[in-house]
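# Topology and contacts: notes
Residues per chain, in single letters:
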Amino acid sequence: SVVPVRHAPAADPPAGDVGTNAQQAACPAAAAAAAPSVTGSYSFEQPVVVVAPSSAAGGSVRGIFTLPVPALSAECVDLQQVGMLSRLPASLKEPSSTCQHTITSSAALTSLCNDTNSPLSPTYYSSLQFPPNPASAALKAINVMALSAVNSSTGDSTALDPVADLAAPTPVAGPPVGCSGVVLEAHFLLRHGVATSTANGTSTNGLQLTASRVDLVIGDVAMPAAGALVLQQKFSVRWANTTAPDYVLLPLSGAPGYLPGFPLLAGLAETATAGDGSIKKAVARFTAGLTLPGAAAAGRYSGSPDGGISLGFGYNTSSSCSIGFTRAQVEKLAARVD
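Since this is a predicted model, take the numbers as computed values, not measurements.

## Here we look at the overall build of the protein chain
Counting its secondary structure elements, the protein chain contains 4 helices and 17 strands. Within the protein chain, the proportion of its 338 residues that are buried is 31%. Sequence separation of 24 or more characterises 61% of the internal contacts of the protein chain that already satisfy a separation of 6 or more. When the accessible surface of the protein chain is split by element, carbon and sulfur atoms take 57% of a total near 20300 Å².

## Description of the environment of Lys-281
Take Lys-281: it is sitting in strand 15 (residues 279-285). Look at Lys-281 and you get exposed, because its relative accessible area is 70%. Not counting the four nearest positions on each side in its chain, Lys-281 is found in contact with Glu-270 and Thr-271.

## What to know about the pattern of salt bridges
The final tally for this structure, using the stated rule, is 2 salt bridges. Put simply, Asp-215 and Arg-213 hold a salt bridge, and the shortest N to O gap is 2.8 Å. Taking the relative accessible area as the measure of exposure, Arg-213 reaches 18% and is therefore buried.

## Some points on the packing of aromatic side chains
Throughout the structure, instances matching the rule amount to 5 aromatic pairs. A ring pair is formed by Phe-65 and Phe-188, whose centres lie 5.3 Å apart and whose planes are at 75°; its orientation type is edge-to-face. Of this pair, Phe-65 sits in the loop between strand 2 (59-64) and strand 3 (66-70) while Phe-188 sits in strand 11 (residues 178-199), and the two are 123 residues apart along the sequence. Accessibility assignment for this pair places Phe-65 and Phe-188 in one class, buried. Between Tyr-125 and Phe-235, the aromatic rings sit 6.4 Å apart at their centres with planes inclined by 40°, giving tilted as the arrangement.

## Regarding the environment of Asp-156
Locating Asp-156 in the fold gives a position in the loop between strand 8 (143-150) and strand 9 (157-160). Taking the relative accessible area as the measure of exposure, Asp-156 reaches 48% and is therefore partly exposed.

## A look at unusual backbone geometry
Of note, the bond from Leu-88 into Pro-89 is cis; its omega dihedral lies within 30 degrees of zero at 0°. Locating Pro-89 in the fold gives a position in the loop between strand 4 (76-81) and strand 5 (97-103). With a phi close to 65°, Glu-45 is a non-glycine residue in the positive phi region. Along the chain, the position of Glu-45 falls in the loop between helix 1 (21-25) and strand 1 (49-54). In this structure, Leu-85 takes a positive phi of about 65° despite not being glycine. As for its placement among the helices and strands, Leu-85 is situated in the loop between strand 4 and strand 5. Relative accessible area serves as the criterion here: at 32%, Leu-85 is assigned to the partly exposed category.

## Section: the pairing of strand 8
Sheet analysis places strand 8 next to strand 9, joined by 4 bridges and oriented antiparallel. Among the inter-strand pairings, Leu-147 is bridged to a residue of strand 9, identified as Leu-160. Hairpin connection, strand 8 to strand 9: the antiparallel pair is bridged by 6 residues, and Gly-155 has positive phi, about 80°.

## With respect to the confidence of the model for the protein chain
Looking at the protein chain, the pLDDT average stands at 81 and 79% of residues meet or exceed 70. Across the protein chain, the element-wise mean pLDDT spans from 53 in helix 1 up to 96 in strand 6 (residues 129-130). Taken as a whole, residues 31-36 scores under 50 in pLDDT and shows 0 contacts with residues more than four places along the chain or in a different chain.

## Things to note about the state of the cysteines
Under the definition given, this model contains 2 disulfides. Two residues, Cys-76 and Cys-99, share a disulfide whose sulfurs are 2.0 Å apart. Its S-S torsion of about 95° marks the bond between Cys-76 and Cys-99 as right-handed, since a negative value means left-handed. Taken together, the residues span a long stretch of sequence, with Cys-76 in strand 4 and Cys-99 in strand 5 at a distance of 23 residues. The buried category is assigned to Cys-99, whose relative accessible area is 2%. For Cys-113, the disulfide goes to Cys-179, at an S-S distance of 2.0 Å. Its torsion about the S-S bond being 85°, the disulfide of Cys-113 and Cys-179 is classed as right-handed. Of this pair, Cys-113 sits in helix 2 (residues 106-114) while Cys-179 sits in strand 11, and the two are 66 residues apart along the sequence. Residue classification places Cys-113 among the buried residues on the basis of a relative accessible area of 1%. Should the bonded cysteines of the protein chain be numbered as they appear in the sequence, the pairing reads 1-2, 3-4.

What counts and how
Residues numbered from 1 in each chain as written. Predicted model: local features only at pLDDT ≥ 70, side-chain atom pairs only at ≥ 80, totals over all residues. Heavy atoms only, no water. Helix = DSSP H or I, 4+ residues; strand = E, 2+ residues; numbered from the N terminus. Buried < 20%, exposed > 50% of the residue type's maximum accessible area, 1.4 Å probe, protein only. Contact = heavy atoms within 4.5 Å. Areas by Shrake-Rupley, 256 points an atom, 1.4 Å probe, with all protein chains shown as cover. Salt bridge = Lys/Arg side-chain N within 4 Å of Asp/Glu carboxyl O. Phe/Tyr/Trp six-rings, centres within 6.5 Å; stacked < 30°, edge-to-face > 60°. Pairing = 2+ DSSP bridges. pLDDT = per-residue confidence, 0-100. Disulfide = S-S within 2.5 Å.

Below is the structure:
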């Protein structure tokens with residue numbers, strides 16, 4: 001048989017020099033970082049400052065310019081800070097960023113409709129003011145350059161006067177309960193330039209925000225017979241030098257030719273008679289390029305040529321959606337002879 005032999009446990013080795021380990025393990029509090037200085041000019045991607053109306057504050061608040069964007073879901077969340085010279089959306093292939101508001105009750109819709117400072121109100125966007133730089137007390141009001149209304153039933157768009165026709169949304173008692181004149185799309189153009197400004201007693205020659213404009217698309221919404229109202233909104237931010245003409249802002253692809261995945265440029269031919277009697281022809285371009293009809297809430301046709309599925313060069317694309325017709329419309333289609 002084998003008899004086990006037990007040995008006394010070996011002694012621990014002597015402790016070595018730990019150097020500054022103990023000091024490092026104590027994790028002394030770091031000195032507080034100095035607050036960022038407010039300068040008289042912007043740097044690239046520095047958050048843009050805005051003065052915006054606020055119902056909660058009972059007036060206006062000065063802060064970072066943010067726009068609703070989808071986060072973990074398609075729901076709109078006010079998390080996207082707009083940085084200097086930063087495009088929204090970041091991808092050049094997308095003309096706008098799309099998110100949705102899920103409104104679960106008639107009371108909630110009416111409350112939003114009555115709030116002139118909610119993201120559904122045209123007057124909220126028309127009240128925005130931007131300082132030329134973060135340190136400036138001077139403010140420049142935004143210009144509403146274009147206003148159009150979309151018919152939710154037909155998808156037809158009607159141009160409105162951006163001054164005379166700009167108004168807060170109007171609640172509709174129903175049934176169904178609705179809201180007339182809510183913002184469906186807001187497209188910003190911010191202009192920049194280099195100028196000299198003074199902040200904290202120091203003159204700075206740097207990047208300034210020189211002007212701002214927004215184009216709004218409005219429409220009417222109503223609570224469905226059952227379930228929640230899913231309201232889609234689109235936003236975009238573009239930048240241009242203060243001296244750049246508007247025509248250079250049209251979406252382009254390669255020069256020359258197309259880049260793979262970028263939108264196919266398209267439009268409708270238009271003819272007009274000039275003052276001298278000559279006939280002028282031009283192409284009215286779609287801002288989103290050539291699109292296929294796309295689905296919005298509940299799979300219904302989005303109703304807008306710019307709200308469909310964009311066709312990217314060199315990519316196969318498919319889309320599906322449903323279109324509602326009345327009995328009279330079906331009879332008219334059936335009777336039409338091409």
